[in-house]
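Here is what each chain is made of, one letter per residue.
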Amino acid sequence: MDIRKTPGSVTRHSVNREDMALINRLAKTELTPEQVYTFAVRLCDNEVDRDWERFDEAGLEALSALFVGKSGIFDHHWSAQEQTARLYRTEVCRESGTTAAGDGIRYLKGYAYMLRSEKNRDLIEEIEAGIKKEVSVGCSVAGRVCSVCGADRCSHQGGSRYGGKLCYFTLTGPTDAYEWSFVAVPAQRRAGVIKSFAGAPALKRLVQEHPECRAQLEALEEEARMGRSYMRGLRRELVRLAGLTDEGLDLKLLAKTAEKLDEEELLALSGAYRRRMDEKYPPSPQLRPRPQPVQDEEDGAFLV
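Residues numbered from 1 in each chain as written. Predicted model: local features only at pLDDT ≥ 70, side-chain atom pairs only at ≥ 80, totals over all residues. Heavy atoms only, no water.

### Looking at the layout of surface pockets
Considering only enclosed or pocket space, the second largest pocket measures out at about 250 Å³ in volume. Lining the second largest pocket we find 13 residues, and of these Thr84, Ala85, Tyr113, Met114 and Leu115 sit closest to its centre. Mapped onto the lining of the second largest pocket, the elements with two or more residues apiece are strand 6 (85–98) and strand 7 (104–115). If you tally residues by element for the lining of the second largest pocket, the top one is strand 7, at 3 residues. (1 Å grid on protein atoms, 1.4 Å probe; cavity = no way out; pocket = protein on both sides within 12 Å on 5 of 7 lines; lining within 4 Å. Points joined across faces, edges and corners; volume = space filled by probe spheres on them. Helix = DSSP H or I, 4+ residues; strand = E, 2+ residues; numbered from the N terminus.)

### Some thoughts on the packing of helix 5 (residues 214–245) against helix 7 (residues 263–280)
It is the contact of helix 5 with helix 7, at a shortest axis distance of 9 Å, that shows an interaxial angle of 30°. With respect to their mutual orientation, helix 5 and helix 7 come out roughly parallel. For the crossing formed where helix 5 meets helix 7, the hand is left-handed. Between helix 5 and helix 7, the contacting residues are Tyr230, Met231, Leu234, Arg235, Glu237, Leu238, Leu241, Ala242, Leu244 and Thr245 on the first element and Glu263, Leu266, Leu267, Leu269, Ser270, Tyr273, Arg274, Arg276, Met277 and Lys280 on the second. Class assignment for the residues of the contact of helix 5 with helix 7 results in 12 nonpolar, 2 polar and 6 charged. (Axes fitted to C-alpha atoms, helices over the stretch in contact; angles between N-to-C directions. Parallel < 35°, antiparallel > 145°, perpendicular 65-115°, else oblique. Left-handed = near helix turned anticlockwise from the far one by under 90°. Contact = heavy atoms within 4.5 Å. Nonpolar A, V, L, I, M, F, W, Y, C, P; charged D, E, K, R; others polar.)

### With respect to unusual backbone geometry
One non-glycine residue, Trp52, lies in the positive phi region at around 60°. The exposure class assigned to Trp52 is partly exposed, which follows from its relative accessible area of 28%. (Buried < 20%, exposed > 50% of the residue type's maximum accessible area, 1.4 Å probe, protein only.)

### Thoughts on the pairing of strand 3 (residues 36–45)
Of all 10 residues in strand 3, 10 are buried, a share of seventy percent or more. Across 9 bridges, the pairing between strand 3 and strand 7 is antiparallel. From the neighbouring strand, Tyr37 faces strand 7, where its bridge partner is Met114. (Pairing = 2+ DSSP bridges.)

### Notes on the packing of helix 5 against helix 6 (residues 251–258)
Where helix 5 meets helix 6, the axes come as close as 10 Å, and the angle between the chain directions of the two elements is 150°. With respect to each other, helix 5 and helix 6 are oriented roughly antiparallel. Where helix 5 crosses over helix 6, the two elements pack in a sense that is right-handed. Contact residues: helix 5 offers Arg235, Leu238, Val239, Ala242 and Gly243, while helix 6 offers Leu251, Leu254, Ala255 and Ala258. Taken together, the residues that form the contact of helix 5 with helix 6 break down as 7 nonpolar, 1 polar and 1 charged.

### Topic: a negative patch on the surface
Together, Asp262, Glu263, Glu264 and Glu265 line one region of the surface with negative charge. Positionally, Glu265 belongs in helix 7. The partly exposed category is assigned to Glu265, whose relative accessible area is 40%. (Patch = residues over 30% accessible without salt bridge, like charges linked within 9 Å, V, L, I, M, F, W, Y side chains within 5 Å. Areas by Shrake-Rupley, 256 points an atom, 1.4 Å probe, with all protein chains shown as cover. Salt bridge = Lys/Arg side-chain N within 4 Å of Asp/Glu carboxyl O. Lys, Arg positive; Asp, Glu negative; His and termini not counted. Charge placed at Lys NZ, Arg CZ, Asp CG, Glu CD.)

### A closer look at the nonpolar core
The biggest cluster of nonpolar side chains holds 25 residues, and the ones touching the most others in it are Phe39, Leu43, Cys44, Phe55, Phe67, Met114 and Trp180. The set of elements that each furnish at least two residues to this core consists of strand 3, helix 2 (57–67), strand 6, strand 7, helix 3 (121–128), strand 8 (135–146) and strand 11 (169–182). For this core, the leading source of residues is strand 3, giving 5 residues. If you look at the next biggest cluster of nonpolar residues, it comprises 11 residues, including Met231, Leu238, Leu241 and Ala258. (Core = buried A, V, L, I, M, F, W, Y, C linked by side-chain atoms within 4.5 Å.)

### Considerations on the pairing of strand 5 (residues 71–74)
Direction of pairing for strand 5 relative to strand 6: antiparallel, over a ladder of 2 bridges. Bridged to Ser71 within strand 6 is Arg86. Of the strand pairs in this sheet, strand 5 and strand 11 are connected by 3 bridges, and their pairing is parallel. Paired with Ile73 across the two strands is Ser181, which belongs to strand 11.

Structure below.
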């Protein structure tokens, strides 16, 4: 049974010594880090997809071994001219949450490389820009199992419910992996970009392996969000004060400069502009004592 599933996505990846050793096992000549562009792809997972099919964890483990060394092409067009990248490493990763089948979420991640060449320049730019990101896998499996009756072939329809039980089919016994392709529309709903491995996304990878850390990561992300909002507020206030005190100032240039200043510098500069504004526009009380009118003594008797 030939299967093509399309759940995947692409992300940038920084090459290291271990990566180069694995890449050079596949290359005919010794390559250097400067010669290659590496990225990671989410090849497939164990979630029920739009075709009402899924891989189980055992299937993902089998595919992990089968996909090492396989080519990346476009739209499953099996042509040597379409070969653009190659997988040099794979691993099965976990995420928090459960699938529609009730399992913990697992997915197969592949690490790919391509040459930094004039031919691949536009593709690399499209990957970096997030234009080329969805991928699909082509593989062969021994069979599939119905979630309702457990049979390989039956009359049950995927997506329907029988006695309250959702019908889907688990693809079993992967026997071969042919290729993986860049595609326009993925079948699996979780298709999307896996973020870069540097910085916070590295923490997300850690959470995938240790779901109990998710609350801590979410707290850190919230604090980071509030910090970014606070810094944006400081920069806006600096530009506002500068505009009030110096009409000839290029505020767009100041805004760009403010992006490079830290909190202490922003506060100090804002304080200087605020003092200049107070000198230029000295504050005056909103309520002044009203002068008492001078009254003639002769009219005093008629005042109530």
